[in-house]
Amino acid sequence: MQHKTPCVIIVTPGFPESENDTACLPAFQQFALALKQNFPELKFVFISLQYPFKKGWYTWNSIDVYAIGGKNRKHIFGLNTKRLATQKLKELHENYTVNGVISLWCIDTALVANTFALENNLKHLIWIIGQDAKSTNGFVKKIKPKPEQLVAMSDFLKDEFLKNHQIEPKFVVTNGINPTLFEPLNTELRPIDILGAGSLIPLKNYCLFIEVIAEVVKQFPNLNVKIAGDGEERKLLSDLIIQHKLQKNVELLGAKKHNETLGLMNQSKLFLHTSHYEGNSTVLMEALYSGCQVISTQQLSFAELKNLYTNTSKTELVKSVITLLNQNRASERITFNTMENSAQRMMQLLLR
């Protein structure tokens, strides 16, 4: 009998279309690379349901990816996406020895993967990553996951999922960074006083960011603020900057490559994050590792973390920013977690 290559399948809603597509789920790019580097005896195959939009096989950093090309379409088109994904999973099962399946997000990815895993008696882990823990996620009732299948990306998400779906994830595997991507730590002059980075969408709440800056400028009139990112609210934020007369203080930099954003962090004193909701924010970990003092409306862990200050009200955010600017603390790296640790832990759970 011909020996089949051992394989692990990861089902995801999206994956970068090429090595140059650094803005697409950068954390999970690092997850994929960490899997490949730490488990060379296994073949990892990614099935991506929605993005890239062009259907077919391709190779990303020597990892095989199959794009279903669903384009986030719903109804009958969404059913066809699931059907095609199921077909590809069956083909992989015929050609490889599948050691297990991982789903990113507890959504349609997990629904397709769970059906496949049950039919073939395979272990299936579901990584709860963010908004899939919310009560509005209707896929949970369709999937009917068991606690031992569920891996929350943070303590917060574990509690959220239990509260909203009455199922307690058994495991927590946090997000992480890849330290090799960072420049040497800048311990000298940091010309950017405050940096923000992320998609300019309502969820990220950059309107609050601008309002905080408008208060801080009253004490620091020469404040230098940059926001890296693009999105549907760019015009709204530009108007808000003009309304608060912050044109000399705040610059919208537009979309940046991942390495460019990390470079900006290395030139910044403070990193301000005003998002409404986060599962386990990579950007906070990156800012901490880049030596920034980090002020955020979202936490990374229930445990206290050095150089991360969590507040939810505008008044408290303003106070934190002013206090830290006045203190002008020396930069130091803070490591919350590495993606290598995350990959090893996830595989330990899958293969045991």
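Let me begin by describing the structure that accompanies this report. (Residues numbered from 1 in each chain as written. Predicted model: local features only at pLDDT ≥ 70, side-chain atom pairs only at ≥ 80, totals over all residues. Heavy atoms only, no water.)

Quick word on the pairing of strand β3 (residues 56-60)
Working step 1: On β3, burial follows the alternation: Gly 56, Tyr 58 and Trp 60 on one face are buried, whereas Trp 57 and Thr 59 on the facing-out side are not.
Working step 2: One ladder, built from five bridges, connects β3 with strand β4 (residues 63-67); its direction is antiparallel. Across the sheet, Trp 60 pairs through a bridge with Ile 63, a residue of β4.
Working step 3: Taken together, β3 and the strand that follows it, β4, pair antiparallel across an intervening segment of two residues, in which Asn 61 is found at a positive phi of about 50 degrees. (Buried < 20%, exposed > 50% of the residue type's maximum accessible area, 1.4 Å probe, protein only. Helix = DSSP H or I, 4+ residues; strand = E, 2+ residues; numbered from the N terminus. Pairing = 2+ DSSP bridges.)

Some details on the pattern of salt bridges
Working step 1: Scanning the model with the defined rule gives 11 salt bridges in all.
Working step 2: Its salt-bridge partner being Glu 332, residue Lys 306 comes within 3.0 Å of it at the nearest N-O pair. On the criterion of sequence distance, the pair formed by Lys 306 in the loop between β13 (293-296) and β14 (308-310) and Glu 332 in the loop between α10 (314-327) and α11 (339-351) is long-range, its members being 26 residues apart. (Salt bridge = Lys/Arg side-chain N within 4 Å of Asp/Glu carboxyl O.)

Overview of a positive patch on the surface
Working step 1: A cluster of basic residues, Lys 123, Lys 170, Arg 345 and Arg 352, forms a positive patch on the protein surface.
Working step 2: With respect to the helices, strands and loops of the structure, Lys 170 is situated in the loop between α5 (155-165) and β8 (171-172).
Working step 3: By relative accessible area, Lys 170 is classed as exposed at 52%. (Patch = residues over 30% accessible without salt bridge, like charges linked within 9 Å, V, L, I, M, F, W, Y side chains within 5 Å. Areas by Shrake-Rupley, 256 points an atom, 1.4 Å probe, with all protein chains shown as cover. Lys, Arg positive; Asp, Glu negative; His and termini not counted. Charge placed at Lys NZ, Arg CZ, Asp CG, Glu CD.)

Some points on the nonpolar core
Working step 1: By size, the foremost hydrophobic cluster in this structure holds 48 residues, and its most contacted members are Phe 31, Ile 102, Trp 127 and Met 347.
Working step 2: With near-sequence residues (within four places) excluded, Phe 31 lies in contact with Ile 102, Trp 127, Met 339, Ala 343 and Met 346. (Core = buried A, V, L, I, M, F, W, Y, C linked by side-chain atoms within 4.5 Å. Contact = heavy atoms within 4.5 Å.)

Quick notes on the packing of helix α6 (residues 206-216) against helix α7 (residues 234-243)
Working step 1: The contact between α6 and α7 brings their axes to 10 Å, and the two run at 15 degrees. Taken together, the axis directions place α6 and α7 in an arrangement best described as roughly parallel. α7 is crossed by α6, and the crossing has right-handed handedness. On the side of α6, the interface is formed by Tyr 206, Cys 207 and Ile 210, while α7 contributes Leu 236, Leu 237, Leu 240 and Ile 241.
Working step 2: Taken together, the residues of the contact of α6 with α7 sort by class into seven nonpolar, no polar and no charged. (Axes fitted to C-alpha atoms, helices over the stretch in contact; angles between N-to-C directions. Parallel < 35°, antiparallel > 145°, perpendicular 65-115°, else oblique. Left-handed = near helix turned anticlockwise from the far one by under 90°. Nonpolar A, V, L, I, M, F, W, Y, C, P; charged D, E, K, R; others polar.)

Concerning the packing of aromatic side chains
Note on aromatic pairs: each is described by the distance of the centres and the angle between the planes.
Working step 1: A full pass over the atoms with the stated rule returns 10 aromatic pairs.
Working step 2: Note on Phe 15 and Trp 60: the rings are 5.0 Å apart at their centroids and 80 degrees apart in plane angle, and the pair reads as edge-to-face. A residue pair is termed long-range when its members are at least 10 positions apart, and Phe 15 in the loop between β1 (6-14) and α1 (26-38) and Trp 60 in strand β3 qualify at 45 residues. Each member of the pair, Phe 15 as well as Trp 60, carries the same accessibility label: buried.
Working step 3: Site record: aromatic cluster; members linked through ring pairs are Phe 28, Phe 31, Trp 105 and Trp 127.
Working step 4: The residue whose ring lies beneath Lys 88 is Tyr 66, and the NZ or CZ to ring-centre distance is 4.4 Å. (Phe/Tyr/Trp six-rings, centres within 6.5 Å; stacked < 30°, edge-to-face > 60°. Lys NZ or Arg CZ within 6 Å of the ring centre and 35° of its normal.)

Digging into α7
Working step 1: Considered for burial, the residues of α7 that qualify are Leu 237, Leu 240 and Ile 241. The buried residues of α7 all sit within an arc of 100 degrees when viewed along its axis, so they share a single face. The exposed residues of α7 that point more than 90 degrees off its buried face are Lys 235 and Gln 243.
Working step 2: Two residues or fewer past α7, Lys 245 is found with a positive phi of approximately 55 degrees. (Arc of directions from axis to C-beta.)

Quick word on the packing of α1 against α11
Working step 1: At a closest axis distance of 8 Å, the pairing of α1 and α11 adopts a crossing angle of 65 degrees. Note that α1 runs across α11; the crossing there is right-handed. Across from Ala 27, Gln 30, Phe 31, Ala 34, Leu 35 and Asn 38 in α1, the residues of α11 making contact are Met 339, Glu 340, Ala 343, Gln 344, Met 346 and Met 347.
Working step 2: Tallied by class, the residues present in the contact of α1 with α11 amount to eight nonpolar, three polar and one charged.

So, the sheet that holds β13
Working step 1: Within the open sheet, the six strands sit side by side as β11-β10-β9-β12-β13-β14. Their pairing is parallel. Strands at the two margins of the open sheet, each flanked by one partner only, are β11 (250-254) and β14. Strand-to-strand twist of the sheet, defined as the mean angle between neighbouring strand axes without regard to direction, takes the value 20 degrees.
Working step 2: Inspection of the sheet shows β13 paired to β14 by three bridges, in the parallel sense.

Coordinates in, geometry out; function isn't part of it.
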